[in-house]
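Structure assessment
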Amino acid sequence: MPNFNDKKSKFNTQRTCGVWLIYIGFIIIFSALVGDHLLLQPFILGIGYFIGFLSIFILPFVNQKLAFGKNTKFQDRMDNLSTVLNVLLCTACGIIIGFDDLRLFWLSIFIAVGIHFFGFYFSQGKMIILLGMLTIINGVIGILLISVPFIFFALIDGILKLLIGLKMITIKRTINVSSGDSSSKHI
């Protein structure tokens with residue numbers, strides 16, 4: 001019987017992140033559908049974000065079930081820096097743009113969120129870079145095409161997160177067979 005040794009996974013928490021993206025994608029879509037004159041309903045977005053963050057990242061159940069292991073200290077540091085960057089960028093959107101033009105404000109928030117995804121590359125891999133690029137492009141196009149209703153771009157943002165999240169949640173772990181065979185197997 002061959003001896004299986006786990007290959008040190010570079011992105012141990014991709015599936016947990018996938019659950020988060022699916023969840024937040026639904027929250028964005030729902031918030032946009034009931035947003036009315038606010039475009040995105042901030043109460044639903046805020047409470048939904050808090051509940052999801054608590055249940056997916058803080059409480060251990062989801063991560064214990066889906067993660068292949070713990071992130072490295074470097075990955076955790078980059079995740080924390082990316083989160084701080086997101087808070088700073090979103091705060092800057094509120095200060096610089098203000099709330100008089102909610103369309104510009106929310107589309108700028110989409111761009112800020114897209115930018116912060118790039119720092120998660122170190123813990124989540126290439127899929128998060130793709131999500132960051134698509135989110136930024138969606139926000140920029142929304143700013144340029146003012147005749148297209150905001151809800152169109154909000155739905156695209158939520159759907160992008162859903163699709164990338166679904167892809168990330170289906171990732172399988174690669175292990176090496178240590179019996180001299182250099183091929184990898186998925187479990």
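Data block above holds the structure.
Numbers given to residues run from 1 along each chain, matching the order in which its sequence is written. Note on the predicted model: pLDDT of at least 70 is required for a residue's local features to be given, and 80 or more for side-chain atom pairs to be given and counted; whole-chain, interface and lining totals, by contrast, use all residues. Excluding hydrogens and water, the side-chain figures rest on all heavy atoms present in the structure.

Considering the overall build of the chain
- When you go through the chain residue by residue, the secondary structure sums to eight helices and three strands.
- Each helix is a run of DSSP H or I of at least 4 residues and each strand a run of E of at least 2, with the numbering of both proceeding from the N terminus. Starting at the N terminus and walking to the C terminus, you meet the elements of the chain as β-α-α-α-α-α-α-α-α-β-β.
- For this analysis, residues touch if any pair of their heavy atoms sits within 4.5 Å. Considering only contacts within the chain whose residues lie at least 6 apart along the sequence, 71% involve residues at least 24 apart.
- Note on areas: Shrake-Rupley with a 1.4 Å probe; residue coverage comes only from the protein chains shown. Carbon and sulfur atoms form 71% of the exposed surface of the chain, whose accessible area is close to 10800 Å².

What to know about the packing of helix α1 (residues 14–33) against helix α8 (residues 150–169)
- In this analysis an axis means a line fitted to C-alpha atoms, helices contributing only their contacting stretch, and an angle means the value between N-to-C directions, from 0 to 180 degrees. Two elements in contact, α1 and α8, have axes whose closest approach is 7 Å; the angle formed by their N-to-C orientations is 160°. In terms of orientation, α1 and α8 fall into the roughly antiparallel class. Helix-helix and strand crossings are classified by hand; for α1 and α8 the assignment is left-handed. For classification purposes, angles smaller than 35 degrees are called roughly parallel, those larger than 145 roughly antiparallel, those between 65 and 115 roughly perpendicular, and all remaining angles oblique. For a crossing to be left-handed, the near helix must be turned anticlockwise from the far one by less than a right angle; the clockwise case is right-handed.

Looking at the nonpolar core
- The term nonpolar core refers to a set of buried residues drawn from Ala, Val, Leu, Ile, Met, Phe, Trp, Tyr and Cys, joined through side-chain atoms within 4.5 Å. Three labels apply to residues, based on accessible area from a 1.4 Å probe with only protein chains included: buried if under 20% of the type maximum, exposed if over 50%, partly exposed otherwise in between. Residues L21, L40, W106, I109, I128, L131 and F150 are the most contacted members of the largest nonpolar core, which totals 32 residues.
- The dominant element in this core, judged by the number of residues it contributes, is helix α5 (residues 102–117), at nine residues.
- Among residues more than four places away in sequence, those in contact with I128 are C17, L21, F117, F120 and Y121.

Focus: helix α7 (residues 126–144)
- In this analysis, the expected span of each helix is defined as 1.5 Å times one less than the number of residues it contains. Counted at 1.5 Å a residue, the expected span for α7 with its 19 residues is 27 Å, and the 27 Å between its end C-alpha atoms agrees.
- All buried positions along α7 are accounted for by I128, L131, G132, T135, N138, G139 and G142. Projected down its long axis, α7 shows its buried positions confined to an angular sector of 135°, all on one face. Of the residues in α7, the exposed ones pointing more than 90 degrees away from the buried face are K126 and L144.
- Elements in contact with the buried residues of α7: α1, α5, α6 (121–124) and α8. Within this analysis, the arc is defined by the directions that extend from the helix axis to the C-beta atoms.

Some remarks on the environment of L88
- Inspection of the secondary structure puts L88 in helix α4 (residues 73–97).
- Classification of L88 as exposed rests on a relative accessible area of 54%.
- The spatial distance from the C-alpha of L88 to the C-alpha of A112 is 9.1 Å, given a sequence separation of 24 residues.

Description of the pattern of salt bridges
- Within this document, salt bridges are pairs made up of a side-chain nitrogen of Lys or Arg and a carboxyl oxygen of Asp or Glu, the two lying within 4 Å of each other. Enumeration over the complete set of coordinates arrives at one salt bridge.
- Linking D157 and K161 is a salt bridge whose minimum nitrogen-to-oxygen distance equals 2.8 Å. A residue pair is termed a helical-turn pair when its members lie 3 or 4 positions apart in one helix, as D157 and K161 do in helix α8 at four residues. Summarising the burial analysis for this pair, D157 and K161 share the class buried.

Overview of the packing of aromatic side chains
- Whether two aromatic rings pair depends on their centres lying within 6.5 Å, for rings of Phe, Tyr and Trp, where Trp uses its six-membered ring; planes under 30 degrees apart make the pair stacked, over 60 edge-to-face, and the rest tilted. As enumerated under the stated definition, the model contains 13 aromatic pairs in all.
- Judged by centre distance (5.3 Å) and plane angle (50°), the rings of F53 and F57 are tilted. Of this pair, F53 and F57 are both found in helix α2 (residues 42–58), four residues apart, which corresponds to roughly one turn of the helix.
- Taking relative accessible area as the criterion, F53 reaches 33% and is therefore assigned partly exposed.
- Judged by relative accessible area, F57 falls into the partly exposed class, the value being 36%.
- Taking the centre distance of 5.3 Å and the plane angle of 85° together, the rings of F152 and F153 count as edge-to-face.
- Residue F153 is classed as buried on the basis of its relative accessible area of 2%.
- Taken together through their ring pairs, the aromatic side chains of W20, Y23, Y49, F53 and F57 make up a single cluster.

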